[in-house]
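For reference, the chains in residue letters:
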Amino acid sequence: MKHFPIFMAVEGRAIVVSGGGEAALAKLRLLMKTEARITVFAPNPAPEILQWAAEGRLTITARDFAAGDAKGAVLFYAANEDDAEDARVAALAEADGALVNIVDNLGDSQFITPAIVDRDPVTVAIGTEGAAPVLARAIKADLEERLPSSLGLLSRIGKAFRAKVEKLPMGRKRRDFWADYYFKSGPAALEAHGETGVRPALDALLDHHANAETRIGHVDLVGAGPGDPELLTLKARKLLDAADVVIYDRLVSPEILELARREAVMIDVGKEGFGRSTTQDDINALMIEHAREGAQIVRLKSGDPTVFGRLDEEIDALDEAGVSWRIAPGITAASAAVAGIGQSLTKRNRNSSVRFITGHDTKGYAEHDWRALAREGEVAAIYMGKKTARFIQGRLLMHGANPDTPVTVIENASRPAQRTLATTLAELPGALAEDDMSGPALTFYGLAPRAALARLETDATPTAPRQQKEAL
Ligand code: SAH
């Protein structure tokens, strides 16, 4: 962000504009929506400006801007449509202590004016740092369509009612009240009885909410998918949008966390580095504690919560505590990874079953049916398998697997940093040792990237030959 958006208090303060032509008119139309004192300096002001001055909406001084004219002003616009004159007045206004904007000159401006959606007191400012004004206009048009024009009126009436709503406890209850007002009762009352019907509707609504029973907490066990926010389900988005508390794992990407409400309590239970990460018992306790306070909790897990996510331990704990829960599935890393190499998990005449294996520890491998997996055409998706690659390789070879069986490691599936390492069972540990994969990675046993795709990637990244062992 090269420009930080803020809302400046301008009520009763001075804003000065130098210029009296088209550029000045455009800015003045915007500025007159504010409660600032507006002063214009222009030797030959346009008739509209004279008209506005006559209506008392601004003050006009019919001469060039001079030193000291912007003393005490908060903002200054140089709108002379003449570079030399704009530079002269900008320097003077800056010396007077005002923040300076030169119209159509991003580089020399101290601030820029966003595209504005005006539902006063609700104001949406849209900025593209000058990069895409067309885009800003399109977003503005879109928002204007979506935000009913009654929104401004409803929020003004709502604002006057704020003090009364303090009788509801902070947090969930108050939010429910306001959501109900803005999206249901408010618009309905306005439509049925006009402006005068809104206040009685607010009173009735407050009564209703004050007497409503306290909500009970609930936990949604939600899959966040492999990382790409577009691979989040609509349901997960909605739950995130409604959550009071979000308890998330390390692999959940920051873009997805951004989708939670700003007021939501965000709890990271996947910390790495020194100090132990939060234990499973701590996580269970956190969920139960917040649920008992009546919170709506999203327990956000990477991929699909039902795949190597210790989901059952959490469900058991919630059941024992009598807390209600529901699972919202997500796209598991294997689905995203296999999509990334253009292959299917199962294929007619190749494999009619696919195994999901975790390499988290080697203990669980003892009972594994290595002999079956070693057969021609078998496919397995190995989660958390980087450290145990050599062990897995050893077991498979020992049970007769073909050393030339393709193996593909996909790091950061679906994320911008996605990488593919195509190798063979024989070469897997060596290839991994040579690479410095630090992101989450999934290993496919029995699958190579589809040839056309592999070629494409090789062409696109000629400097990274290690990633594509074309020997396959
Ligand atoms: N529930 C998750 C898996 C959790 S176990 C799911 O369904 O995907 C964590 C392991 O998943 C990681 O060690 C890695 O092997 C794999 N993984 C998760 N996200 C990944 C991604 N974006 N790319 C590759 N592997 C990923």
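Refer to the preceding data block for the structure.
Residues numbered from 1 in each chain as written. Predicted model: local features only at pLDDT ≥ 70, side-chain atom pairs only at ≥ 80, totals over all residues. Heavy atoms only, no water.

Considerations on the sheet that holds strand S13 (residues 354–358)
1) Next: The sheet built from five strands is open, its strands ordered S13-S14-S17-S15-S16 with mixed pairing. The sheet is open, and its two borders are formed by S13 and strand S16 (419–424), each paired with just one other strand. The sheet shows a mean angle of 20 degrees between the axes of neighbouring strands, direction not considered.
2) Next: The pairing of strand S14 (residues 379–383) with strand S17 (residues 441–445) spans four bridges and is classified as antiparallel. Looking across to S17, one finds that Ile382 is bridged to Thr443.
3) Next: In the packing of helix H12 (residues 333–340) onto the sheet, the strands contacted are S13, S14, strand S15 (406–411) and S17, and the crossing angle to S17 comes to about 70 degrees. (Pairing = 2+ DSSP bridges. Helix = DSSP H or I, 4+ residues; strand = E, 2+ residues; numbered from the N terminus. Axes fitted to C-alpha atoms, helices over the stretch in contact; angles between N-to-C directions. Contact = heavy atoms within 4.5 Å.)

Overview of the site of the ligand
1) Next: Taken together, the neighbourhood of the ligand is formed by 18 residues, with Asp304, Val307, Thr332, Ala413 and Ala441 sitting nearest.
2) Next: Contact between the ligand and Pro226: a nitrogen atom at 2.8 Å from a main-chain N or O atom of the residue.
3) Next: In this structure, Ala333 approaches the ligand through a main-chain N or O atom, which is 2.9 Å from an oxygen atom.
4) Next: A breakdown of the residues in the shell around the ligand according to their chemical character gives 12 nonpolar, four polar and two charged.
5) Next: Domain assignment of the residues forming the shell around the ligand places at least three in each of domain 3 (218–331) and domain 4 (335–471). (Near = heavy atom within 4 Å. Polar contact = N/O pair within 3.5 Å; in protein donor to acceptor, adjacent residues only side chain to side chain. Nonpolar A, V, L, I, M, F, W, Y, C, P; charged D, E, K, R; others polar. Domains from an automatic or database assignment.)

Describing the environment of Arg350
1) Next: By the secondary structure assignment, Arg350 is in the loop between H12 and S13.
2) Next: With residues near it in sequence (within four places) discarded, Arg350 still touches Gln343, Ser344, Leu345, Gly377, Val379 and Leu447.
3) Next: A polar contact of 2.8 Å, which involves the side chain of Arg350, links it to the side chain of Asn351.

Some remarks on the environment of Arg250
1) Next: Tracing the backbone through its elements, the reader meets Arg250 in the loop between strand S9 (245–248) and helix H9 (254–257).
2) Next: A C-alpha to C-alpha distance of 9.9 Å links Arg250 and Leu300, two positions 50 residues apart in sequence.

Overview of unusual backbone geometry
1) Next: Asp120 connects to Pro121 through a cis peptide bond whose omega is 5 degrees.
2) Next: Note that Pro121 resides in the loop between strand S6 (115–119) and strand S7 (122–126).
3) Next: One non-glycine residue, Asn349, lies in positive phi territory at about 70 degrees.
4) Next: If you trace the backbone, Asn349 turns up in the loop between H12 and S13.
5) Next: At Ser414, a residue that is not glycine, the phi angle is positive and equals roughly 75 degrees.
6) Next: Residue placement: Ser414 occurs in the loop between S15 and S16.

Structural notes on the packing of helix H6 (residues 172–193) against helix H7 (residues 198–211)
1) Next: The contact between H6 and H7 brings their axes to 10 Å, and the two run at 145 degrees. You can see that H6 and H7 cross each other, and the crossing is right-handed. Contacts between H6 and H7 involve Lys173, Asp176, Phe177, Asp180, Tyr181, Ser185, Ala189 and Leu190 from the first element and Val198, Ala201, Leu202, Leu205, Leu206, His209 and Ala210 from the second.
2) Next: Here the residues of the contact of H6 with H7 are counted per class, giving 10 nonpolar, two polar and three charged. (Left-handed = near helix turned anticlockwise from the far one by under 90°.)

Considerations on the packing of aromatic side chains
Aromatic ring pairs are defined here through the distance separating the ring centres and the angle between the ring planes.
1) Next: A complete count under the given rule lists 11 aromatic pairs for this structure.
2) Next: Ring centres of Trp178 and Tyr181 lie 5.9 Å apart, and the angle between their planes is 70 degrees; on these two criteria the pair is classed as edge-to-face. On the criterion of helical spacing, the pair formed by Trp178 and Tyr181 is a turn pair, its members being three residues apart in helix H6. With respect to burial, Trp178 and Tyr181 carry one shared label: buried.
3) Next: Centre to centre, the rings of Trp370 and Phe391 are 6.5 Å apart; their planes meet at 75 degrees, and the pair counts as edge-to-face. Taken together, the positions of Trp370 in helix H13 (residues 370–374) and Phe391 in helix H14 (residues 389–398) put the pair 21 residues apart, joining distant regions of the chain.
4) Next: Site record: aromatic cluster; members linked through ring pairs are Phe161, Phe177, Trp178, Tyr181 and Tyr182. (Phe/Tyr/Trp six-rings, centres within 6.5 Å; stacked < 30°, edge-to-face > 60°. Buried < 20%, exposed > 50% of the residue type's maximum accessible area, 1.4 Å probe, protein only.)

A look at helix H8 (residues 234–242)
1) Next: Among all positions in H8, only Ala236, Leu239 and Leu240 are buried. Taken end-on, H8 shows its buried residues confined to a sector of 100 degrees, consistent with a single buried face. Along H8, exposed side chains directed more than 90 degrees from the buried face belong to Leu234 and Lys238.
2) Next: Looking at the buried residues of H8, the elements they touch are strand S8 (218–223), S9, H9, strand S11 (296–301) and strand S12 (324–328). (Arc of directions from axis to C-beta.)

Honestly, it's all geometry; don't read function into it.
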